[in-house]
Amino acid sequence: MKLNPWKQNPWFESVAVAQRRARRRLPRPVYDALVAGSERGQSMSDNEAAYTELGLAPHVAGHQAKRDLATTVMGQQISFPVVMSPTGVQAVHPDGEVAVARAAAARGTVIGLSNFASRSVEDVVAANPQTFFQMYWTGDRDVMIQRMERAYAAGSVGLIATLDWSFSMGRDWGSPEIPERVDFRTAVRLAPQVVRKPRWLTSFARNLPDLTAPNLAAPGESKGPTFFGAYYEWMTTPPPTWDDVAWMRDQWSQLSGKPFMLKGVCRVDDARRAVDCGVDALSVSNHGGNNLDGTPAPIRVLPSISNAVADQVEVLLDGGIRRGSDVVKALALGARAVMIGRAYLWGLAANGQAGVENVLDILRSGIDSSLLGLGRSSIHELSPTDVVVAPGFRRELGPAGTS
Ligand SMILES: Cc1cc2nc3c(=O)[nH]c(=O)nc-3n(C[C@H](O)[C@H](O)[C@H](O)COP(=O)(O)O)c2cc1C
């Protein structure tokens, strides 16, 4: 009797299926690190749930045979309006960010590379020249300039500054154990959780994840600090002022001439201040619900921010995107493009580079079929009239009209 061929088919039909596969495949602490979230998980839940309060307003006829999904983000031509948001993908897959970069390149889009990434910016740019390097506010100014110089020398075509982080500790569903390094002793201690996931283990062959941050290595040193070393530097760096944001943007602009994005904007007054600092783009984001719990879903605050500043800077959104229609809703309510985090991490965990490509294909075809149903021939035609917004959906944070 023949085996059912679909049973082993690694292709998946939705991001939710990829997440279930990731859960089956990854050791528990690695899966939990991707779920992430903070405190009660209110923001993390709202990020996804908010899209269920938005509907679409389809036409019954007059549909368009050809639909244009291409756009640009910070000067980069992309084939559809989805960009890889920076995430540290330590231990999910041996190729880590290089697999994500290859998949993004294969599908014609940009990768944002976290400064906590497990692979070097040089390797990632080699896999995808459309790389934006992402930095937190960590270390002193000389160190930050060195990191910017390295990212630019490697070929990064933009910088993302992520400043929304409040070092919140504690999750109601429990936090995963992250070892300082994976040596023999830790391997033995974590063995019960790992041996139950032989496919994940064999994918690493003999190179167990080393859990360091190569892009934070001091000049001349080949190895970066451990995750905890990097986190300590971050925690002990005084938090940035708005002058620091302008300083960072100016340094990057002077040394590279390339665009600068501020990620993590939720308030209208902050969006206006970001414009005053000279940013080229901002991402309306609550860090995937991993930062200050209780921050509303970015899609709820997007219209107010877009109305205030989209004529001056590019407005992106990230948080809770799991399907093409989510992307379409965000574009209709004022985003130029979206960034995704967990969606591609589930794909990477489920099936490596091909899994990330699979996720991008799901989003692309979902955008395309939504455009078809809405009777639009281009993502640039989308408008608020395409979306049915439940009463009380929107939030506007920050005193209106302030700067
Ligand atoms: C596991 C994980 C690690 C992350 N690491 C970073 C990071 O290093 N830098 C950063 O700017 N954002 C980081 N983020 C936030 C993402 O860039 C993005 O804002 C968020 O994942 C979007 O929400 P989504 O996961 O619902 O798509 C991380 C998110 C997750 C889930």
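Placed above this text is the structure.
Nothing here was measured: the structure is a model prediction, and the numbers come from that model. (Residues numbered from 1 in each chain as written. Predicted model: local features only at pLDDT ≥ 70, side-chain atom pairs only at ≥ 80, totals over all residues. Heavy atoms only, no water.)

Q: Is there a simple way to think about the pattern of salt bridges in this case?
A: Between side chains of opposite charge, a pair can form when the charged atoms approach closely. This structure, assessed with the given rule, holds 16 salt bridges. Between Arg28 and Asp32 there is a salt bridge, and its shortest N-O distance comes to 3.0 Å. With a gap of four residues between them, Arg28 and Asp32 both fall in helix H2 (residues 28-35), about one helical turn apart. Given the relative accessible area of 47%, Arg28 is considered partly exposed. The shortest N-O distance in the salt bridge between Arg147 and Glu233 comes to 3.0 Å. Separated by 86 residues along the polypeptide, Arg147 in helix H6 (residues 141-154) and Glu233 in helix H9 (residues 227-235) bring together distant segments of the chain. You can call Arg147 buried: its relative accessible area is 9%. (Salt bridge = Lys/Arg side-chain N within 4 Å of Asp/Glu carboxyl O. Helix = DSSP H or I, 4+ residues; strand = E, 2+ residues; numbered from the N terminus. Buried < 20%, exposed > 50% of the residue type's maximum accessible area, 1.4 Å probe, protein only.)

Q: What exactly am I supposed to notice about unusual backbone geometry here?
A: The phi angle of most residues is negative, glycine excepted, and most peptide bonds adopt the trans form. Of note in this structure, Met74 is not a glycine but carries a positive phi near 45°. As for its placement among the helices and strands, Met74 is situated in the loop between strand S2 (71-73) and strand S3 (76-78). Residue class for Met74 comes out buried when judged on its relative accessible area of 4%. Of note, the phi angle at His287 is positive, near 65°, even though the residue is not glycine. Considering the arrangement of structural elements, one finds His287 in the loop between strand S9 (281-285) and helix H12 (298-309).

Q: Would you mind showing me how to read the pairing of strand S6 (residues 131-135) here?
A: Consecutive side chains of a regular strand alternate in pointing toward one face of the sheet and then the other. For S6, the buried fraction is high: five of the five residues fall into the buried class. The alternating pattern of S6 places Thr131, Phe133 and Met135 and Phe132 and Gln134 on opposite faces, both of which are buried. Relative to S6, strand S5 (residues 111-113) runs parallel, the two being bridged by three bridges. Residue pairing across strands places Ile111 opposite Thr131, the latter belonging to S6. Handedness of the crossover joining S5 and S6 through helix H5 (residues 121-127): right-handed. Relative to strand S7 (residues 158-162), S6 runs parallel, the two being bridged by four bridges. Directly across from Phe132, in S7, lies its bridge partner Gly158. Handedness of the crossover joining S6 and S7 through H6: right-handed. (Pairing = 2+ DSSP bridges. Right-handed = clockwise from strand over helix to strand, strands pointing away.)

Q: Would you take a moment to explain the side chain of Asn128 for this structure?
A: Note on placement: Asn128 falls in the loop between H5 and S6. In contact with Asn128, other than residues within four places in its own chain, are Ala101, Ala104, Ala105, Thr109, Val110 and Ile111. (Contact = heavy atoms within 4.5 Å.)

Q: Please clarify how the pairing of strand S10 (residues 314-318) should be interpreted in this entry.
A: For S10, the tally of buried residues reaches five of five residues, placing the bulk of the element in the interior. Across the two faces of S10 the burial is the same, with Glu314, Leu316 and Asp318 and Val315 and Leu317 all buried. Summarising the sheet, S9 and S10 pair through five bridges and their orientation is parallel. By the bridge assignment for S10, Leu282 is matched with Val315. A crossover links S9 with its parallel partner S10, the connecting element being H12, and its sense is right-handed. Note: S10 against strand S11 (residues 337-340), three bridges, orientation parallel. Across the sheet, Leu317 pairs through a bridge with Val338, a residue of S11. In this region the chain leaves S10, passes through helix H13 (residues 324-332) and returns to the parallel neighbour S11; the handedness of that crossover is right-handed.

Q: Is there a simple way to explain empty space enclosed by the protein in this structure?
A: Picture a little ball the size of a water molecule; that probe, rolled over the atoms, points out where space is still empty. If you walk through the whole model with that rule in mind, you get one cavity of 30 Å³ or more. Taken as a whole, the largest cavity holds about 40 Å³ of empty space. Surrounding the largest cavity, Ser85, Pro86, Thr87, Val89, Glu97, Val100, Ile111, Gly112, Leu113, Ser114 and Tyr344 form its lining. Contributions of two or more residues to the lining of the largest cavity are made by helix H4 (96-106) and S5. At three residues, the largest contribution of residues to the lining of the largest cavity is made by S5. When the residues that make up the lining of the largest cavity are grouped by side-chain class, the tally is six nonpolar, four polar and one charged. (1 Å grid on protein atoms, 1.4 Å probe; cavity = no way out; pocket = protein on both sides within 12 Å on 5 of 7 lines; lining within 4 Å. Points joined across faces, edges and corners; volume = space filled by probe spheres on them. Nonpolar A, V, L, I, M, F, W, Y, C, P; charged D, E, K, R; others polar.)

Q: Just to check I follow, could you spell out the nonpolar core for this structure?
A: For soluble globular proteins, the rule of thumb is that nonpolar side chains tend to be buried together. If you look at the biggest cluster of nonpolar residues, it comprises 98 residues, and the most contacted ones within it are Leu282, Ile299 and Ile340. The leading source of residues in this core is helix H14 (residues 342-374), at 15 residues. Residues within four places of Leu282 in sequence aside, it is in contact with Met261, Leu262, Val265, Ala271, Ala274, Ile305, Val309, Val313, Glu314, Val315 and Leu316. The next biggest cluster of nonpolar side chains, apart from the first, holds 13 residues, and it includes Val110, Phe132, Leu316 and Ala337. (Core = buried A, V, L, I, M, F, W, Y, C linked by side-chain atoms within 4.5 Å.)

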